[in-house]
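Chain residues, written in single-letter form:
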Amino acid sequence: MKKIHIKKGDIVYVNAGNDKHKTGKVLEVIPSKDRVVVEGVNIVSKHTKPNAKQPQGGIIKQEASIHISNVQHLDPSSSKPVPTRIGRKFVDGKKLRYAKKSGQEIK
C-alpha cells in the first residue's frame, strides 16, 4: 500500500503545472491513481447532454485531478503559509501528522 500524505480537506500548494503557485482545499483523493482533486485548480470544460438536472445540456466548468507529486501541504503555524513536507510520528499510541518545517501538528 502506498503512503499518501495528503487527506481530504487539507489546504495544499500547487508546485508544478499550469496552476503553479495556487492554493486550494483538497476535495477528493484517488489513491489508486496517485491523484487529488483541488478546489479551483485544473479547471476543465466538460460537455454534457441534456438530462433532468441540466435540461439544456451545455458546457460545465469543473475541477480535474492532478498528480499528488505536484502538491505540497501548507504549514499551518506560520503567519504566511509556506509549503512543507509531512512527517508521521506516534504519540500515546496514535499516529500524528506534523509539518517538517515547524513541527506543528496537522489535524
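Residues numbered from 1 in each chain as written. Predicted model: local features only at pLDDT ≥ 70, side-chain atom pairs only at ≥ 80, totals over all residues. Heavy atoms only, no water.

## Some remarks on the overall build of the chain
Reasoning step 1: Tallying secondary structure elements over the chain gives 0 helices and 11 strands in all.
Reasoning step 2: Walking the chain from its N terminus toward its C terminus, one meets helices and strands in the order β-β-β-β-β-β-β-β-β-β-β.
Reasoning step 3: For 107 residues, the compact-globule estimate of 2.2 N^0.38 gives 13 Å, and the chain exceeds it by more than 25% at 17 Å.
Reasoning step 4: Along the longest, intermediate and shortest principal axes, the C-alpha atoms of the chain span 55 × 30 × 20 Å.
Reasoning step 5: Look at the contacts in the chain between residues 6 or more apart in sequence, and 39% of them connect residues 24 or more apart.
Reasoning step 6: Surface exposure of the chain reaches about 7,600 Å², of which carbon and sulfur atoms provide 50%.
Reasoning step 7: Between the averaged position of the 23 positive side-chain charges in the chain and that of its 9 negative side-chain charges there is a distance of 3 Å. (Helix = DSSP H or I, 4+ residues; strand = E, 2+ residues; numbered from the N terminus. Rg over C-alpha atoms; globule rule 2.2 N^0.38 Å. Contact = heavy atoms within 4.5 Å. Areas by Shrake-Rupley, 256 points an atom, 1.4 Å probe, with all protein chains shown as cover. Lys, Arg positive; Asp, Glu negative; His and termini not counted. Charge placed at Lys NZ, Arg CZ, Asp CG, Glu CD.)

## Notes on the environment of Val29
Reasoning step 1: With respect to the secondary-structure elements, Val29 resides in strand β2 (residues 23–30).
Reasoning step 2: On the accessibility criterion, Val29 (23% relative accessible area) is partly exposed.
Reasoning step 3: Taking the C-alpha atoms as reference points, Val29 and Gln54, 25 residues apart in sequence, are found 27 Å from one another.
Reasoning step 4: Dropping the residues within four chain positions of it, Val29 is found in contact with Ile4, Ile6, Lys7, Lys8, Arg35 and Val36. (Buried < 20%, exposed > 50% of the residue type's maximum accessible area, 1.4 Å probe, protein only.)

## A short note on the packing of aromatic side chains
Reasoning step 1: Following the criterion strictly, the structure yields 0 aromatic pairs and no others.
Reasoning step 2: In this structure, Lys89 is placed above the aromatic ring of Tyr98, and the distance from its NZ or CZ to the ring centre is 4.7 Å. (Phe/Tyr/Trp six-rings, centres within 6.5 Å; stacked < 30°, edge-to-face > 60°. Lys NZ or Arg CZ within 6 Å of the ring centre and 35° of its normal.)

## Quick notes on the pattern of salt bridges
Reasoning step 1: Enumeration over the complete set of coordinates arrives at 2 salt bridges.
Reasoning step 2: For Arg97, the salt bridge goes to Asp10, with nearest N and O atoms at 3.0 Å. With Arg97 in strand β10 (residues 94–99) and Asp10 in the segment before β1 (11–14), this pair connects stretches of sequence that are 87 residues apart. In this structure, Arg97 and Asp10 share a single accessibility class: buried. (Salt bridge = Lys/Arg side-chain N within 4 Å of Asp/Glu carboxyl O.)

## Comments concerning the sheet that holds strand β9 (residues 86–91)
Reasoning step 1: Ordered by their spatial adjacency, 3 strands build an open sheet running β9-β10-β11, and the pairing between neighbours is antiparallel. Either end of the sheet is taken by a strand with one partner, and the two such strands are β9 and β11 (105–106).
Reasoning step 2: By the bridge criterion, 2 bridges tie β10 to β11 in an arrangement that is antiparallel. In the strand pairing of β11, Tyr98 is matched with Glu105. (Pairing = 2+ DSSP bridges.)

## Details of the side chain of His73
Reasoning step 1: Along the polypeptide, His73 turns up in strand β7 (residues 71–74).
Reasoning step 2: With residues near it in sequence (within four places) discarded, His73 still touches Ile6, Asp10, Ile11, Val12, Val82, Pro83, Thr84, Ile86 and Ile106.

## What to know about the nonpolar core
Reasoning step 1: Grouped together as the largest cluster of nonpolar side chains are 11 residues: Ile4, Ile6, Val12, Val14, Val26, Val36, Val38, Val41, Ile66, Ile68 and Val71.
Reasoning step 2: Every element with two or more residues in this core is listed here: β1 and β3 (35–38).
Reasoning step 3: Other than its neighbours up to four places away in sequence, Ile6 contacts Val12, Val26, Val29, Val36, Ile68, Val71, His73 and Arg97. (Core = buried A, V, L, I, M, F, W, Y, C linked by side-chain atoms within 4.5 Å.)

## Here's the deal with a positive patch on the surface
Reasoning step 1: A surface patch of positive charge is lined by Lys3, Lys7, Arg88 and Lys95.
Reasoning step 2: Topologically, Lys95 is positioned in strand β10. (Patch = residues over 30% accessible without salt bridge, like charges linked within 9 Å, V, L, I, M, F, W, Y side chains within 5 Å.)

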